[in-house]
Amino acid sequence: MPEETAFLLDYHYGITDLVSRPTRSSVDLCEEDYSLGAEQFVQMVQTYRPRVICFNGITAFRHASGQKKGDVILGIQPQRYFSTQDWAGSYVFVIPSTSGANASFTREERLAMFGQLSLFLREQGWHPLHAQTN
């Protein structure tokens, strides 16, 4: 529910869009939209230094990470991203877009991906409902 979004901060979660300009479809976005959005996103990540970032869709991940070519695996990525000289960067998890326009994945497949993210967070001791003292 939209009115519950503010409660996410109580669990140390945040939600943002890579590109905040409203459009009917991502095809209405241009390279400049993505470029500016990615720049602002990286600045935000390097400021707040989240442990984990979950990208809802491969396209957003590609633009934010600069990985425009090559295969992208779904799930946890093999390296951290957005590091600085004094910070190792965030773990990155990529799920298929939950957009209704993405018919490539079933609802069950998408839910399974969120289950994998939940398992990763539990293994790290970072799950908000079962967090261990760090």
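Residues numbered from 1 in each chain as written. Predicted model: local features only at pLDDT ≥ 70, side-chain atom pairs only at ≥ 80, totals over all residues. Heavy atoms only, no water.

Enquirer: Can you walk me through a nonpolar patch on the surface in this structure?
Expert: On the surface, a nonpolar cluster with roughly 310 Å² of combined accessible area is contributed by Tyr11, Tyr13 and Leu129. Here leucine 129 shows up in the segment after helix H3 (107–124). When its relative accessible area of 59% is taken as the criterion, leucine 129 is described as exposed. (Patch = residues over 30% accessible without salt bridge, like charges linked within 9 Å, V, L, I, M, F, W, Y side chains within 5 Å. Areas by Shrake-Rupley, 256 points an atom, 1.4 Å probe, with all protein chains shown as cover. Salt bridge = Lys/Arg side-chain N within 4 Å of Asp/Glu carboxyl O. Helix = DSSP H or I, 4+ residues; strand = E, 2+ residues; numbered from the N terminus. Buried < 20%, exposed > 50% of the residue type's maximum accessible area, 1.4 Å probe, protein only.)

Enquirer: What should I look at first to understand the pairing of strand S3 (residues 91–95) in this one?
Expert: Two faces make up the sheet, and in a regular strand the side chains alternate between them. Counting buried positions along S3 gives 4 out of 5 residues, so the element sits mostly inside the fold. With 5 bridges joining them, strand S1 (residues 52–56) and S3 adopt parallel strand pairing. Bridge pairing links isoleucine 53 to valine 92 in S3. (Pairing = 2+ DSSP bridges.)

Enquirer: Got a minute to help me understand unusual backbone geometry in this structure?
Expert: Working note: non-glycine residues mostly have negative phi, and peptide bonds are mostly trans. Here arginine 49, not a glycine, exhibits a phi torsion of approximately 50°, which is positive. Position of arginine 49 among the secondary structure elements: in the loop between helix H1 (31–48) and S1. Given a relative accessible area of 33%, arginine 49 falls into the partly exposed group. In this structure, phenylalanine 82 takes a positive phi of about 70° despite not being glycine. Tracing the chain through its elements places phenylalanine 82 in the loop between strand S2 (75–76) and S3.

Enquirer: Just to check I follow, could you spell out the environment of arginine 21 for this structure?
Expert: Among the structural elements, arginine 21 can be located in the segment before H1. Residue classification places arginine 21 among the partly exposed positions, given a relative accessible area of 40%. Expressed as a C-alpha distance, the spacing of arginine 21 and glycine 75, which sit 54 residues apart in the sequence, is 27 Å. Leaving out residues up to four positions away in the same chain, arginine 21 has contacts with Asp28, Leu29, Cys30 and Asp33. Separated by 3.0 Å, the side chain of arginine 21 and the backbone oxygen of aspartate 28 make a polar contact. Within the structure, the side chain of arginine 21 is placed 2.7 Å from the side chain of aspartate 33, a separation counted as a polar contact. (Contact = heavy atoms within 4.5 Å. Polar contact = N/O pair within 3.5 Å; in protein donor to acceptor, adjacent residues only side chain to side chain.)

Enquirer: I'm lost on the pattern of salt bridges in this one. Help?
Expert: Side chains that differ in charge, positive against negative, can pair when their charged atoms come close. The tally for this structure, following the rule as stated, stands at 3 salt bridges. With its nearest N and O atoms 2.8 Å apart, the salt bridge here joins arginine 49 to aspartate 86. In this pair, arginine 49 sits in the loop between H1 and S1 while aspartate 86 sits in the loop between S2 and S3, placing the two residues 37 residues apart along the sequence. The class for aspartate 86 is exposed, based on a relative accessible area of 60%.

Enquirer: Mind showing me how you'd approach the nonpolar core here?
Expert: Where a protein is soluble and globular, its nonpolar side chains tend to be buried together. Within the largest apolar cluster, 19 residues are counted, with the highest numbers of intra-cluster contacts made by Leu18, Phe41, Phe55, Phe61, Phe82 and Val92. Secondary structure elements with two or more residues in this core: H1, S1, helix H2 (58–65) and S3. In terms of residue count, the dominant contributor to this core is H1 (5 residues). The contact partners of phenylalanine 61, leaving out residues within four places of it in the chain, are Phe55, Gly66, Gln67, Val72, Gln77, Tyr81, Val92 and Val94. (Core = buried A, V, L, I, M, F, W, Y, C linked by side-chain atoms within 4.5 Å.)

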